[in-house]
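Below, each chain spelled out in residue letters.
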Amino acid sequence: MVGNRSAVIIGSGAAGTACARALASEGWRVVVAERDRVGGTCLWRGCMPKKALYSAARAMRDVRRAEQFGIHTGAISLDWQETLAWKWHSQETYAGDQEGAFAARGIAVAKGDARFLSPDTVMVGDESYKPEAIVIATGSVPIVPDLPGAHLGDTSEQALHYTEVPDSLLVVGGGYVAVEFATIYALLGADVSVIIRGDRVLRGFDEEISRLALRSLGTTCGRVLTNASVTELAGEPGDLQVTLSQGDGATETLRTQRVLFATGRVPDLMGLECQVAGVDTDARGRLVLSEARTTNPRVWAVGDAAGGLMLTPVASYEGRAVAAAINAGETPSLDYSAVPSVVFGVPQLAQAGLNEDTAGARGIEVDVHRQSFEYLGAAIIEDEREGFAKLLFDKANGTLVGGTVVGPTASDLIWAISLGIQARATREHVRAALGIHPAFSESLNWAGW
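Remember, it's a predicted structure, so these values are computed and weren't measured experimentally.

Rules behind the numbers
Residues numbered from 1 in each chain as written. Predicted model: local features only at pLDDT ≥ 70, side-chain atom pairs only at ≥ 80, totals over all residues. Heavy atoms only, no water. Pairing = 2+ DSSP bridges. Helix = DSSP H or I, 4+ residues; strand = E, 2+ residues; numbered from the N terminus. Axes fitted to C-alpha atoms, helices over the stretch in contact; angles between N-to-C directions. Contact = heavy atoms within 4.5 Å. 1 Å grid on protein atoms, 1.4 Å probe; cavity = no way out; pocket = protein on both sides within 12 Å on 5 of 7 lines; lining within 4 Å. Points joined across faces, edges and corners; volume = space filled by probe spheres on them. Nonpolar A, V, L, I, M, F, W, Y, C, P; charged D, E, K, R; others polar. Phe/Tyr/Trp six-rings, centres within 6.5 Å; stacked < 30°, edge-to-face > 60°. Buried < 20%, exposed > 50% of the residue type's maximum accessible area, 1.4 Å probe, protein only. Expected span 1.5 Å × (residues − 1). Arc of directions from axis to C-beta.

Undergrad: Give a description of the sheet that holds strand S1 (residues 6–10) that names residues and reports values.
TA: Within a sheet, adjacent strands bond to each other through the backbone by hydrogen bonds, running parallel or antiparallel. Spatially, S3-S2-S1-S7-S17 is the arrangement adopted by the five strands of the open sheet, whose pairing is parallel. Looking at the sheet topology across the chains shown, the edges are occupied by strand S3 (108–111) and strand S17 (299–301). Taken over all neighbouring pairs, the strand axes of this sheet differ in orientation by 20° on average, direction set aside. Direction of pairing for strand S2 (residues 29–34) relative to S3: parallel, over a ladder of four bridges. Note that in S3 the partner of valine 31 across the bridge is alanine 108. Where helix H1 (residues 14–25) meets the sheet, its contacts fall on S1, S2 and strand S7 (133–136), and the angle it forms with S1 comes to roughly 170°.

Written as structure tokens, this is what we have:
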């Protein structure tokens, strides 16, 4: 590939796909390089399979609670192989024909590992390309702690493919991946313990969400240990001995079938040989970027590879925005002020925009309006009363700048808050937009009063 109006996108996940499609629609000749199955992390190793398992876990919870609604189900059993089959069915159905969708848009797919040969040339498999633009969209990989026996533990990708639900599982971490997997496997019947380095889960989320999530884990899981860390693993998967160090200096050894490290993710730059292209990385091995552009003006980065907010909608957004910038020869305009994020736990936990901590850190005074689910009709009917909606309005101009929802439909309701932030809605707008009764959306309307 030689000449203008050509691009190579390295990676076919949400970010790479969005970027490739947007450039192709503007007449660019696009090649997508992919070393694995087309579709990326979210589709094959992340969001989709994890949400399918979460749905199975929620169904198990609902069956256990059915008697309070007068439904008597008898003995409850789990056929794990059927659950895994449903997971794969969900993924394959959503995926459709990924390569065919590219071909229909005139986008070529090059299979193989990609690496830079020079500042303007990239090799994919046995073929080299010299495009006008190169976009790194390689996603991210789980972090495995550097400690003795760490290879005996699992990452989130492996936890999606357990051949059976473990009798016991130790989850290490306090982020959303840890909370979600701990919830999933606890509801499916595993004896789950959670080890958290600090005293708080879900850092970066609303503090009230953090407290509720920790309390929920304590109810759902067998044990939650804060201010502790794993220092060593021994044995073999199925019979692991785990040494823990606690905040007071005490040590403890416990036995578990599986250990899941949910300690974060890092951009996947393995094998790219960025230094050959003049693409700088920092001391942590992350790309040095200025508005999604690397230190090589021909090379850009989007999605998890860029090391920012590692969320699928953000990846797609960045892919489209960078494609527009490449096409126009301009700097992309990236706005993250209304990004929604969700933790699929029980209950679901969601926020968008600012919370009270981040607003304070930016010197923004906010009016906070909170509506508990205690007397919400839908919550009473479904017996999901431990939830709330909270809206934050900028005192200076009255506009909505953030919000939080905790409850069984939080992942849906948070979109309305994100939209309100983008539209610069005021408290009066929220009051006027009536909610459905009895439904959880009603809580947003009530929170405006």
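Undergrad: So what's going on with empty space enclosed by the protein? Residues and values would help.
TA: This model, assessed by the stated rule, comprises one cavity of 30 Å³ or more. Of the voids in this model, the largest cavity is the one considered here, and its volume is about 50 Å³. Lining of the largest cavity is provided by Val179, Thr183, Leu212, Ala213, Ser216, Leu217, Gly345, Val346, Pro347 and Leu349. Counting only elements with at least two residues in the lining of the largest cavity, the list comes to helix H7 (176–187) and helix H8 (207–220). Of the residues forming the lining of the largest cavity, the biggest block, four residues, is contributed by H8. Looking at the lining of the largest cavity residue by residue, the classes come out as seven nonpolar, three polar and no charged.

Undergrad: An account of the sheet that holds strand S9 (residues 168–172) is needed here, citing residue identities and associated values.
TA: A sheet is described by the order of its strands in space; here four strands give the open sequence S11-S10-S9-S15, paired in parallel fashion. At either margin of the open sheet sits one strand with a lone partner, and together these are strand S11 (223–225) and strand S15 (258–261). Adjacent strand axes in the sheet meet at a mean angle of 15° when their direction is disregarded. With three bridges connecting them, strand S10 (residues 191–195) and S11 associate as parallel partners. In the strand pairing of S11, serine 193 is matched with arginine 223. Its contacts with the sheet place H7 against S9, S10 and S15, and it is angled at close to 165° to S10.

Undergrad: Residues and numbers for the packing of aromatic side chains, please.
TA: Here the structure, examined in full by the defined rule, presents six aromatic pairs. Seen in terms of ring centroids, tryptophan 80 and tyrosine 185 are 6.1 Å apart; in terms of plane orientation they differ by 55°. Their pairing is tilted. With a gap of 105 residues between them, tryptophan 80 in helix H4 (residues 80–95) and tyrosine 185 in helix H7 connect regions that are remote in the sequence. The class for tyrosine 185 is buried, based on a relative accessible area of 0%.

Undergrad: Any details on H4? Residues and values, ideally.
TA: The terminal C-alpha atoms of H4, which comprises 16 residues, lie 23 Å apart, in line with the 22 Å expected from a rise of 1.5 Å per residue. For H4, the set of buried residues is Trp80, Thr83, Leu84, Lys87, Ser90, Gln91 and Ala95. Within H4, the buried residues cover an arc of 125° as seen down the axis, which keeps them to one side. Exposed residues pointing more than 90 degrees away from the buried face of H4 are listed as Glu82 and Thr93. The secondary structure elements touched by the buried residues of H4 are helix H2 (40–45), helix H3 (47–65), helix H5 (98–104) and H7. Once H4 finishes, glycine 96 follows within two positions and takes phi at roughly 60°, a positive value.

Distances and angles like these do not, on their own, reveal function.
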